[in-house]
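Structural features, examined
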Amino acid sequence: VQLQASGGGLVQAGGSLRLSCVASGSIFSIYAMGWYRQSPGKQRELVATIARGGIINYADSVKGRFTISRDNAKNTAYLQMNSLKPEDTAVYYCNAVIRATTRIEDYWGQGTQVTVSS
């Protein structure tokens, strides 16, 4: 099983980016999917998660600006980021809880850099 994240880049403050995360491989079922981020010198932190049934959780710092969604048919999660701020600059990692064959495991993508200039 692999998670492939894409969509990062350089954007000015106030701009928007859309991240995508595609899960591939021998997947039986995907439970929660989510996005985390890590800035230099800081711990990785939760940005947003979405359960298979659609229950969503956001970090307070992104509420009202970011929107997480998923397409279960495509094994894909998205993160629409609007009104970006310089403090949103980080490497963004996608995460998914996946049942592949007989075990349920936690998987991480490779990370995609988001840089917001002031």
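With that settled, consider the overall build of the chain. Tallying secondary structure elements over the chain gives zero helices and 11 strands in all. In summary, the chain has a C-alpha radius of gyration of 14 Å against a globular reference of 13 Å for 118 residues, a match within 12%. Oriented by its inertia axes, the alpha-carbon framework of the chain measures out at about 45 × 25 × 20 Å. Counting only residues that meet the buried cut, the chain has 42% of its 118 residues in that class. Looking at the chain alone, contacts between residues at least 24 apart form 54% of all its contacts between residues at least 6 apart. On the chain, roughly 6300 Å² of surface is accessible, and the fraction owed to carbon and sulfur atoms is 48%. Both charge centroids of the chain, one from 12 positive and one from 7 negative side chains, sit 4 Å from each other.

Another aspect to go through is the pairing of strand β4 (residues 29-38). Taking burial as the measure, the 10 residues of β4 include seven buried ones, the bulk of the element. Bridge count for β4 against strand β9 (residues 90-100) is eight bridges, and the pairing is antiparallel. Counted as the bridge partner of Ile30 is Ile98 from β9. Of the pairings in the sheet, the one linking β4 to strand β5 (residues 45-50) comprises five bridges and is antiparallel in character. Within the sheet, the bridge partner assigned to Gly34 lies in β5 and is Thr49. From the end of β4 to the start of β5, which pair antiparallel, there are six residues, and Gly41 there has a positive phi angle of about 80°.

What counts, and at which threshold
The numbers attached to residues start from 1 for each chain and follow its sequence in the written order. In view of the model being predicted, local features appear only for residues whose pLDDT reaches at least 70, and side-chain atom pairs are presented and counted only at 80 or more, with totals across whole chains, interfaces and linings using the full set of residues. Excluding hydrogens and water, the side-chain figures rest on all heavy atoms present in the structure. Labels follow the DSSP assignment, with helices taken as runs of H or I lasting at least four residues and strands as runs of E lasting at least two, numbered in each case from the N terminus. Put simply, the radius of gyration uses C-alpha atoms, and a globule should come to 2.2 Å times the residue count raised to 0.38. The rule is simple: take the accessible area with a 1.4 Å probe, protein chains only, and divide by the maximum for that residue type; under 20% is buried, over 50% is exposed, in between is partly exposed. Contacts are assigned to residue pairs that have any heavy atoms within 4.5 Å of one another. Shrake-Rupley sampling with a 1.4 Å probe provides the accessible areas, and residues are treated as covered by the protein chains on show and by no other component. For the purpose of charge, His is not counted, nor are the chain termini; Lys and Arg are scored as positive and Asp and Glu as negative. Where a charge sits is defined by one atom per residue type, namely NZ (Lys), CZ (Arg), CG (Asp) or CD (Glu). Two strands qualify as a pair provided that DSSP identifies no fewer than 2 bridges between them.

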